[in-house]
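The chain contents come next:
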Amino acid sequence: MATIVLLVLAAILGFYAYQSSQKGNAAQADLVAKTEAVTALEAEKAKLTDEMAKLKAEGEAAAKAASDAAAAVETEAKGLLDKVTALEADKAKLTEMAATMEGERTSLSEKVMALESEKAQLTDQITALTAEKAALSEQAAALQAKVDELTAAAGATTSP
C-alpha cells in the first residue's frame, strides 16, 4: 500500500509539476507577448513624441509667422493712418484755401459789377458829352457863320 500511496503521490506531484510547467510556459509566453506589446507601445510613444515635437515646432513657427505678419500689418496700418492724417490735413488746408478763394472771387465779382456800372455811367457821360460837343460844334459853326457875315457886313460898311 505504501507503494500505491507513493505511486499516487508521485502521480499527483507529477501532475502538479506538469500543470506548473504549463502555467510557467503560459506565463512566460504571456510575459513575452506583454514585453513585445510594451516594446511596440514604447516605439509608438517615441514616434508620437517625435510627431509632437514636430507639431510643436510647426506650431511655434506658425505662431511666429502670424506674429510677424500681425506686426507687419500693424506697421502698415500705422503708416496708412499717418498718410490718412496727412491727407486730411491737406484736405483741410485746401478747403480753407477754397473758402478764401471763393471769398476773393465774390469780392472780385462785386468789383467787376461796380466797374461795369461805372463803365455804363461813363459811357452815358461820353454819349451826353458827344451830343453836347455836337451841339456846341453846331453853335460854333452858326456863330462862325454870323461872325463871317458880320465881318463881311462890317467890311462892306467901312470900305467907301
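Keep in mind that this is a model prediction, so the values were computed, not measured.

Cut-offs used in this document
Residues numbered from 1 in each chain as written. Predicted model: local features only at pLDDT ≥ 70, side-chain atom pairs only at ≥ 80, totals over all residues. Heavy atoms only, no water. Helix = DSSP H or I, 4+ residues; strand = E, 2+ residues; numbered from the N terminus. Buried < 20%, exposed > 50% of the residue type's maximum accessible area, 1.4 Å probe, protein only. Patch = residues over 30% accessible without salt bridge, like charges linked within 9 Å, V, L, I, M, F, W, Y side chains within 5 Å. Areas by Shrake-Rupley, 256 points an atom, 1.4 Å probe, with all protein chains shown as cover. Salt bridge = Lys/Arg side-chain N within 4 Å of Asp/Glu carboxyl O.

In this structure, Met113 sits in helix α1 (residues 2-158). Relative accessible area serves as the criterion here: at 57%, Met113 is assigned to the exposed category. Once the C-alpha coordinates of Met113 and Asp90 are considered, the two residues, 23 residues apart in sequence, prove to be 34 Å apart.

Moving on, we get to a nonpolar patch on the surface. A surface patch of nonpolar side chains, amounting to about 500 Å² of accessible area, comprises Ile4, Val8, Ile12, Phe15 and Tyr16. Structurally, Ile4 can be placed in helix α1.

Here the focus is the pattern of salt bridges. Throughout the structure, instances matching the rule amount to four salt bridges. With a shortest N-O distance of 3.4 Å, Asp30 and Lys34 are connected by a salt bridge. You can see Asp30 and its partner Lys34 sitting in helix α1, four residues apart, about one turn around the helix. Owing to a relative accessible area of 39%, Asp30 belongs among the partly exposed residues under this scheme. As a salt-bridge pair, Lys78 and Asp82 come within 3.3 Å of each other at their nearest N and O atoms. Taken as a pair, Lys78 and Asp82 lie in helix α1 at a separation of four residues, close to a single helical turn.

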